[in-house]
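# Survey of secondary and tertiary structure
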Amino acid sequence: MLQVRITAMPMTDPARSRLTRWAAAAFTLDARSLAIYRIGLGLLLFVDSLLRTRDFSLMFTPRGIFPLPAIAEYYGDPTNWSVACWHEAAWWSGLVLAMQGLAGIAVALGYRTRLFTVIGWVALVSVVRRTAPATNAGDMWLGCQLLWSMFLPLGDWWSLDARCRATEAGSAENSGRPPRPVAVFSIASAALVLQLVAVYWGAGFSKCNQTWFEGEALTHALSVHDHGTPLGMLLAEFPIVAWAAKWAVLGGEIMLPLALVTATGPIVRGGIVLAFIAFHSMIWLTMSVGLFAPIGMVAWLPLIPSAWWPQPASQSAVEAARLRPAASWACSLAAALAAVSFVHQVTPWQSRPLPRWLAASLNLTALRQAWAMFALVPAQEQWIYSRAVLADGSTVDVLRDGRPVEPVRPAGGFCSLAHHRWHKFFWVLPRPQTRMFTGPTAAALADDWNRRVTADHQIRSLEIHFAVQPGGSGADGAVRDALIASWPTRSSGGSGNLERFLQANDVADAFPRGTPRPAADRSASSGRSRPASSLTRLPPPR
């Protein structure tokens, strides 16, 4: 067995305060659970990098939907750093994305674990910020987990690092060194546990509003025209299921994290771990949120109780993972920043901007604690669709791989888009803060389509619409349809995409026969387009 030097801190030491004993019980993590966690983190990094290659040309190249000038305008602050934004060439973004994937493999195998955890964090944050409008809270949560993991001994068990150290030191029986730790207690282990508490409390407290208490929020969120899957939409139709799920979400996100740090016994902690893994499994099945669900499941792996392993850690002693002074100070400062950010987000102070130096520090560490997920879910349905006029005169929806245009509640809703990244991007595209991406988006989609088809199927003009129906499908509210992006761009003389489109083809041809045209399209056919600001209520960011 591998042996390492470690400092023992007996739990029975009378000099330790009651608070310290509680902290040791609440924030001690089994090193074998951390090893399983390390494997999960590495796999998430690798899978995320692999999935992002599906749209590499559209999301990481100068002619894509996220050109660097637009990203710089979107952030407006150089402290939101991204290595992927140092150069606009596609090969450079590809290199950063490849580094994320390679770091993930190295972390999963436990090879130079700390070094590649740092590289993985830098690469992930860079990729997330390079494609910021297409990312969700799960991406930032993964970044937070990687930062705390830099300060934890993730590679002490079941890793290539552990095997290398065993080879260098000889067998455990002959080395005369203490055995490797099975329980880790440090500022980093406390930060990792409290990060979980922050995520769920941030989400739970933000849901304490009338729409959630009445049950409407969950029902609308599970619609395919919000963030639900067909299964989620089906389950939401049963009142008893929606009622039980509502209180399970509200109670679980607020009360279970509290129990996590107050009731530290293995039975209670193990039950909480299983409950949240089941919770994220249900999210994965019922909601279109990308890798958020697996990121949430992996986040709970460090909390697997020591009693679940074949040889539980001794209850009479806690092993303290020593950090070098510089690392200890760095972790402590990062934890303090995260704590301030969390307090700012969950209190009335959130309406006040943070001091410039504090906001810059949070940007540099990527530790903003904004977890108000699905806090406000308006009673409405919304959808995105495109209308592309091809060279042969036909019209198709390029967002759905060329299927017929459905301007009113497209079948499958957001789930009919290629994947969640497109869902998230088009969810926020109508907003004022993302309007700089509308032109590049229409141009990139048209260019990508034209490169893949024959001459008679080339796009001549393209419109992207975002529509909202207050009250949802069963309501009487009129559909509000907004043209949010178009291609080709308008000329300086005023002629351009919309005029040529109307001359080339009647917009009514895009609708199934017998289907009334929404008011927005009637105004477009008379030469007037409805701006995005005319939508009744844009959905809140998620």
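Before going into details, it helps to say that this report is about the structure given with it. (Residues numbered from 1 in each chain as written. Predicted model: local features only at pLDDT ≥ 70, side-chain atom pairs only at ≥ 80, totals over all residues. Heavy atoms only, no water.)

### Re the sheet that holds strand β7 (residues 459-470)
Strand order in this open sheet of 4 strands is β6-β5-β7-β8, and the pairing throughout is antiparallel. Each of the sheet's edge strands pairs with one partner strand only, and the pair in question is β6 (395-396) and β8 (480-487). Pairing of β7 with β8 involves 7 bridges; the strand directions are antiparallel. Paired with isoleucine 464 across the strands is alanine 485, a residue of β8. Packed onto the sheet, helix α20 (residues 438-452) meets β5 (380-390), β6, β7 and β8 and runs at close to 130° relative to β7. (Pairing = 2+ DSSP bridges. Helix = DSSP H or I, 4+ residues; strand = E, 2+ residues; numbered from the N terminus. Contact = heavy atoms within 4.5 Å. Axes fitted to C-alpha atoms, helices over the stretch in contact; angles between N-to-C directions.)

### Things to note about the side chain of threonine 229
Inspection of the secondary structure assignment puts threonine 229 in the loop between α12 (216-221) and α13 (230-236). A relative accessible area of 12% means that threonine 229 is categorised as buried. (Buried < 20%, exposed > 50% of the residue type's maximum accessible area, 1.4 Å probe, protein only.)

### Examining the nonpolar core
Counting residues in hydrophobic clusters, the biggest one holds 128 residues, and the most contacted among them are Trp148 and Phe426. Core analysis: the second largest hydrophobic core is formed by 5 residues, Trp383, Tyr385, Val405 and Val479 among them. (Core = buried A, V, L, I, M, F, W, Y, C linked by side-chain atoms within 4.5 Å.)

### A closer look at the pairing of β5
Burial analysis of β5 places 11 of its 11 residues in the buried class, which makes it a mostly covered element. Along β5, one buried face is formed by Gln380, Gln382, Ile384, Ser386, Ala388 and Leu390 and the opposite face, lined by Glu381, Trp383, Tyr385, Arg387 and Val389, is buried too. Inspection of the sheet shows β5 paired to β7 by 11 bridges, in the antiparallel sense. Looking at β7, one finds that leucine 390 is bridged to isoleucine 459. Summarising the sheet, β5 and β6 pair through 2 bridges and their orientation is antiparallel. Its bridge partner being in β6, valine 389 is matched across the sheet by threonine 395. Connecting the antiparallel pair β5 and β6 is a turn made up of 4 residues, with glycine 393 showing a positive phi of about 90°.

### A look at the packing of helix α2 (residues 31-52) against helix α7 (residues 137-149)
The contact between α2 and α7 brings their axes to 12 Å, and the two run at 140°. What the angle tells us is that α2 and α7 run oblique. For the pair α2 and α7, the sense of crossing is left-handed. Between α2 and α7, the contacting residues are Tyr37, Leu41, Leu44, Leu45, Asp48 and Arg52 on the first element and Asp139, Leu142, Gln145, Leu146 and Ser149 on the second. In the contact of α2 with α7, the residues fall into 6 nonpolar, 2 polar and 3 charged. (Parallel < 35°, antiparallel > 145°, perpendicular 65-115°, else oblique. Left-handed = near helix turned anticlockwise from the far one by under 90°. Nonpolar A, V, L, I, M, F, W, Y, C, P; charged D, E, K, R; others polar.)

### Here we look at the pattern of salt bridges
Taken as a whole and judged by the stated rule, the model has 16 salt bridges. Of the charged contacts in the structure, one is a salt bridge between arginine 52 and aspartate 139, with a shortest N-O distance of 3.7 Å. Of this pair, arginine 52 sits in helix α2 while aspartate 139 sits in helix α7; the two residues are 87 residues apart in sequence, bridging distant segments of the chain. Classification of aspartate 139 by relative accessible area gives buried; the value is 5%. Among the ionic pairs, aspartate 447 bridges to arginine 451, the shortest N-O distance being 3.4 Å. With a gap of 4 residues between them, aspartate 447 and arginine 451 both fall in helix α20, about one helical turn apart. With a relative accessible area of 53%, arginine 451 lands in the exposed category. Here the salt bridges do not stand alone but share partners, grouping Arg63, Asp447, Asp448, Arg451 and Arg452 into one network. (Salt bridge = Lys/Arg side-chain N within 4 Å of Asp/Glu carboxyl O.)

### Quick notes on helix α15 (residues 266-286)
For α15, built from 21 residues, the straight-helix expectation of 30 Å at 1.5 Å per residue is met to within 8% by its first-to-last C-alpha distance of 30 Å. Arg269, Gly270, Ile272, Val273, Phe276, His280, Ile283 and Thr286 are the residues of α15 that are buried. Buried residues belonging to α15 abut α1 (18-27), α7, α10 (187-206), α13, α14 (239-262) and α16 (292-299). (Expected span 1.5 Å × (residues − 1).)

### Some points on the environment of alanine 338
Along the polypeptide, alanine 338 turns up in helix α17 (residues 325-346). Distance in space between the C-alpha atoms of alanine 338 and cysteine 144 is 9.4 Å, their sequence separation being 194 residues. Setting aside its immediate chain neighbours within four residues, alanine 338 contacts Trp148, Leu367 and Gln369.

### Notes on a nonpolar patch on the surface
A cluster of nonpolar residues, Phe213, Leu231, Leu234, Phe238, Ile240, Val241, Trp243, Trp247, Met282 and Leu285, forms a patch on the protein surface that exposes about 990 Å² of accessible area. Contributions of two or more residues to the nonpolar patch are made by α13, α14 and α15. For the nonpolar patch, the element with the most residues is α14, which contributes 4 residues. Among the secondary structure elements, tryptophan 247 is positioned in helix α14. Judged by its relative accessible area of 40%, tryptophan 247 falls in the partly exposed class. (Patch = residues over 30% accessible without salt bridge, like charges linked within 9 Å, V, L, I, M, F, W, Y side chains within 5 Å. Areas by Shrake-Rupley, 256 points an atom, 1.4 Å probe, with all protein chains shown as cover.)

### A look at the side chain of asparagine 209
Examined against the element boundaries, asparagine 209 turns out to sit in the loop between α10 and α11 (210-213). Engagement of the side chain of asparagine 209 in a polar contact is seen with the backbone oxygen of serine 206, the distance being 3.1 Å. Beyond its immediate stretch of four places on either side in the chain, asparagine 209 contacts Ala375 and Leu376. (Polar contact = N/O pair within 3.5 Å; in protein donor to acceptor, adjacent residues only side chain to side chain.)

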